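Listed here are the chains, written in short residue letters.
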Amino acid sequence: MAEPRDPATVEAIFKAYDVRGTVPDQIDASLARSVGGAFVRVVGASTVVVGHDMRPSSPDLAGAFADGAAAAGADVVLIGLAATDQLYFASGHLGHPGAMFTASHNPAQYNGIKLCRTHAQPVGMDTGLAEIRDAVAAGETPAASTPGTVSEQDVLEAYAAHLISLAPVSGRRLKVVVDAGNGMAGHTAPVVFERLGQHQVELVPMYFELDGSFPNHEANPIEAENLVDLQRRVVEEGADIGLAFDGDADRCFLVDEKGDAVSPSTLTALIAARELEKEPGATVIHNLITSRAVPELVTELGGTAVRSRVGHSYIKGTMAETGAIFGGEHSGHFYFRDFWRADSGMLAALHALAALAESDQPLSELLGEYERYVGSGEVNSTVDDQDAVLARIEKAYADQGAEIDHLDGLTVGGDDWWFNVRASNTEPLLRLNVEGRDDQTMSRIRDDVLALIRSHNE
């Protein structure tokens, strides 16, 4: 038995879908070892695969987790440096639960653990993470009479081959700029692009050096300032497309040949169209802040569009319930049924490259049919009494006869606009997303809703 830990301290690092905190103040080798033992017990694992990102603390934490898992009786397969979707591949390909040590785009002093069951099934608070948290807090990590073994296995080449088999790229040769942000795409992209071949792609690498201090920019491409270097380089190189990945490379964002950022909703629509061509009539999942263009397009192509709450456990759960072929989130996460319903930034990138190589149009024109509305992006406002503000907004628009639902926060819709307001799970914030048929409509609705939100604090 390990020593019990302060429950409040443990609860602070166990988030909705992962474990995350500062090193060594909140997460250290002892904590990782305890999580490893508790994970084995809660999921009933006989073998566990473990990967880690490029952060200086990651190898030691992954090793401690492996020690804890082995002490609990499980065999451990270490896959070493990995992107998060590479860990998901290992879980699906080898048929074992997995643990990935990463804090994605968070600053260097952070680290974390993403856990999954066999075949990359998510582990969240409702599916085992709360039990793991409680076991760690109580020090409940009993040792097995026969400890497991620890071995190493390189799955990077198999990962690359599998992704390309799902989205093969053929047609005209493309010049591609890839900004890895000093994250794990610097590890995976060279192998994937080498398999595509120089006859198919000319790779222009940016920030491929693995460096958890992120010396060039934060590895979070959803923020516009982190795309500036890529946008400039795409134009300077005369490239066909730019790809930006986050720190653990499970998210991907596009830049077109003009240097303009592409909405993740637009990429969701493009991939949905490709998947529906492969399997007509299939179901596609989209979260509720994805552009209205996505369900419109899916319906037009004969598919079934299903809305989901924001968050990967909801997307994956809805995909499992419906048998959906694909799911997309406006945050840049893309989920594929044929990739164990897990998200993969690199697989999304390959779909974009495949569509572009098959077309004689530049990317900006190819994506034109998928860009039907104008979005606000996410606008955050600090609000103390979130429920009161949401009630005020709902009343204001209910009185106008607008459509209202509560799938996730408050969603309100009109003929040519909609918006969603959600409370943050961790901060006193309301998150607003607005979309309109044109910029004037979007701006009007955005400003009206923001006035209702922010007047509460005056």
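Residues numbered from 1 in each chain as written. Predicted model: local features only at pLDDT ≥ 70, side-chain atom pairs only at ≥ 80, totals over all residues. Heavy atoms only, no water.

1. Considering the overall build of the protein
Here is step 1 of the chain: Tallying secondary structure elements over the protein gives 15 helices and 23 strands in all.
Here is step 2 of the chain: The C-alpha atoms of the protein give 22 Å as radius of gyration, which agrees with the globular expectation for 458 residues (23 Å, within 12%).
Here is step 3 of the chain: For the protein, the spread of C-alpha atoms along the principal axes amounts to about 65 × 60 × 45 Å.
Here is step 4 of the chain: Here the protein holds 458 residues, and the buried ones make up 55% of them.
Here is step 5 of the chain: A separation of at least 24 residues holds for 71% of the contacts in the protein among residues at least 6 apart in sequence.
Here is step 6 of the chain: Carbon and sulfur atoms provide 46% of the accessible area of the protein, an area that totals close to 17900 Å². (Helix = DSSP H or I, 4+ residues; strand = E, 2+ residues; numbered from the N terminus. Rg over C-alpha atoms; globule rule 2.2 N^0.38 Å. Buried < 20%, exposed > 50% of the residue type's maximum accessible area, 1.4 Å probe, protein only. Contact = heavy atoms within 4.5 Å. Areas by Shrake-Rupley, 256 points an atom, 1.4 Å probe, with all protein chains shown as cover.)

2. So, helix α7 (residues 185-196)
Here is step 1 of the chain: For α7, spanning twelve residues, the distance from its first C-alpha to its last is 16 Å, which sits close to the expected 16 Å at 1.5 Å a residue.
Here is step 2 of the chain: Of the residues making up α7, those classed as buried are Ala-185, Gly-186, Thr-188, Ala-189, Val-191, Val-192, Phe-193 and Leu-196.
Here is step 3 of the chain: Among the structural elements, α4 (84-94), α6 (156-166), β8 (174-179), β9 (201-206), β10 (241-245) and α12 (345-358) are those in contact with the buried residues of α7.
Here is step 4 of the chain: Backbone geometry just after α7 places Gly-197 at a positive phi near 95°. (Expected span 1.5 Å × (residues − 1).)

3. Examining the side chain of Asp-53
Here is step 1 of the chain: Here Asp-53 is to be found in the loop between β2 (47-52) and α3 (58-71).
Here is step 2 of the chain: Judged by its relative accessible area of 1%, Asp-53 is buried.
Here is step 3 of the chain: Apart from residues no more than four positions distant in its own chain, Asp-53 is found in contact with Ser-58, Leu-81, Ala-82, Met-100, Phe-101, Thr-102, Ala-103 and Met-184.

4. Some points on the sheet that holds β10
Here is step 1 of the chain: Pairing in this open sheet of five strands is mixed, and the strands run β9-β8-β10-β11-β12 from one edge to the other. The open sheet terminates on both sides in strands that have one partner only, identified here as β9 and β12 (261-262).
Here is step 2 of the chain: Set on the sheet, α12 makes contact with β8, β10 and β11 (252-255); between it and β10 the angle comes to about 175°. (Pairing = 2+ DSSP bridges. Axes fitted to C-alpha atoms, helices over the stretch in contact; angles between N-to-C directions.)

5. Comments concerning the nonpolar core
Here is step 1 of the chain: Core analysis: the biggest nonpolar cluster contains 77 residues, and Phe-193 and Leu-243 have the highest contact counts within it.
Here is step 2 of the chain: With eleven residues, the top contributor of residues to this core is α12.
Here is step 3 of the chain: Excluding anything up to four places from it in sequence, Phe-193 contacts Val-176, Val-178, Val-201, Leu-203, Leu-243 and Leu-353.
Here is step 4 of the chain: With 35 residues, the next largest nonpolar core counts Phe-65, Ala-66, Ala-99 and Ile-113 among its residues. (Core = buried A, V, L, I, M, F, W, Y, C linked by side-chain atoms within 4.5 Å.)

6. A short note on the sheet that holds strand β13 (residues 283-287)
Here is step 1 of the chain: The mixed open sheet is built from five strands, whose spatial order is β14-β13-β15-β16-β17. Strands at the two margins of the open sheet, each flanked by one partner only, are β14 (304-308) and β17 (342-343).
Here is step 2 of the chain: With three bridges connecting them, strand β15 (residues 326-328) and strand β16 (residues 334-336) associate as antiparallel partners. Looking across to β16, one finds that Gly-327 is bridged to Tyr-335.

7. Topic: the pattern of salt bridges
When the charged atoms of two side chains with opposite charge come close together, those side chains can pair.
Here is step 1 of the chain: Applying the stated criterion to the full structure yields 27 salt bridges.
Here is step 2 of the chain: A salt bridge links Arg-233 to Glu-237; its shortest N-O distance comes to 3.0 Å. Residue Arg-233 and its partner Glu-237 are located together in helix α8 (residues 228-237), separated by four residues, close to a single helical turn.
Here is step 3 of the chain: Given a relative accessible area of 27%, Arg-233 falls into the partly exposed group. (Salt bridge = Lys/Arg side-chain N within 4 Å of Asp/Glu carboxyl O.)

8. Quick notes on the packing of α7 against α12
Here is step 1 of the chain: Interaxial distance between α7 and α12 falls to 12 Å at its minimum, and their mutual angle equals 35°. As α7 runs across α12, the sense of the crossing is right-handed. Taken together, the residues of α12 that come into contact with α7 (itself represented by Thr-188, Ala-189, Val-192, Phe-193 and Leu-196) are Met-346, Leu-350 and Leu-353.
Here is step 2 of the chain: A breakdown of the residues in the contact of α7 with α12 according to their chemical character gives seven nonpolar, one polar and no charged. (Left-handed = near helix turned anticlockwise from the far one by under 90°. Nonpolar A, V, L, I, M, F, W, Y, C, P; charged D, E, K, R; others polar.)

9. With respect to the packing of helix α2 (residues 29-43) against helix α5 (residues 129-138)
Here is step 1 of the chain: Axis separation between α2 and α5 bottoms out at 9 Å; the angle between their running directions is 130°. Classified by the angle their axes make, α2 and α5 are oblique. You can see that α2 and α5 cross each other, and the crossing is right-handed. Residue-level inspection shows Leu-31, Ser-34, Val-35, Ala-38, Phe-39, Arg-41 and Val-42 of α2 in contact with α5, the latter providing Glu-131, Ile-132, Ala-135 and Val-136. (Parallel < 35°, antiparallel > 145°, perpendicular 65-115°, else oblique.)

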